Amino acid sequence: MAQGHRIIITLECQECKRRNYSTMKNRRNTPEKLNLKKYCRFCRKQTEHKETK
């Protein structure tokens, strides 16, 4: 059976540049890089997190 179009990605905080979260995304539905607002425990606030490889 085929794996599909879902891949594992890592999210990096844009303020402290630490990689805090990993999640999955569907490459077919969202080909561009994800930008999500998530809580960063190092900055101790909600910041923008960007997809990295």
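Remember, predicted model here, so these are calculated numbers, not experimental data.

**Overview of the sheet that holds strand S2 (residues 19–26)**
At step 1: Here 4 strands make up an open sheet; going across it, the order is S2-S1-S4-S3 and the pairing antiparallel. Of all strands in the sheet, those bounded by a partner on one side alone are S2 and strand S3 (35–40). Across this sheet, the average inter-strand angle for adjacent strands is 40 degrees, counted without regard to direction.
At step 2: The sheet contact formed by strand S1 (residues 6–13) and strand S4 (residues 45–52) spans 4 bridges and is antiparallel. In the strand pairing of S4, Leu11 is matched with Glu51.

**A few points about a positive patch on the surface**
At step 1: Where like charges cluster on the molecular surface, the positive patch consists of Lys17, Arg27, Lys33, Lys50 and Lys53.
At step 2: Looking at the element boundaries, Arg27 is found in the loop between S2 and S3.
At step 3: Given the relative accessible area of 47%, Arg27 is considered partly exposed.

Rules behind the numbers
- Residues numbered from 1 in each chain as written.
- Predicted model: local features only at pLDDT ≥ 70, side-chain atom pairs only at ≥ 80, totals over all residues.
- Heavy atoms only, no water.
- Pairing = 2+ DSSP bridges.
- Helix = DSSP H or I, 4+ residues; strand = E, 2+ residues; numbered from the N terminus.
- Axes fitted to C-alpha atoms, helices over the stretch in contact; angles between N-to-C directions.
- Patch = residues over 30% accessible without salt bridge, like charges linked within 9 Å, V, L, I, M, F, W, Y side chains within 5 Å.
- Areas by Shrake-Rupley, 256 points an atom, 1.4 Å probe, with all protein chains shown as cover.
- Salt bridge = Lys/Arg side-chain N within 4 Å of Asp/Glu carboxyl O.
- Lys, Arg positive; Asp, Glu negative; His and termini not counted.
- Charge placed at Lys NZ, Arg CZ, Asp CG, Glu CD.
- Buried < 20%, exposed > 50% of the residue type's maximum accessible area, 1.4 Å probe, protein only.

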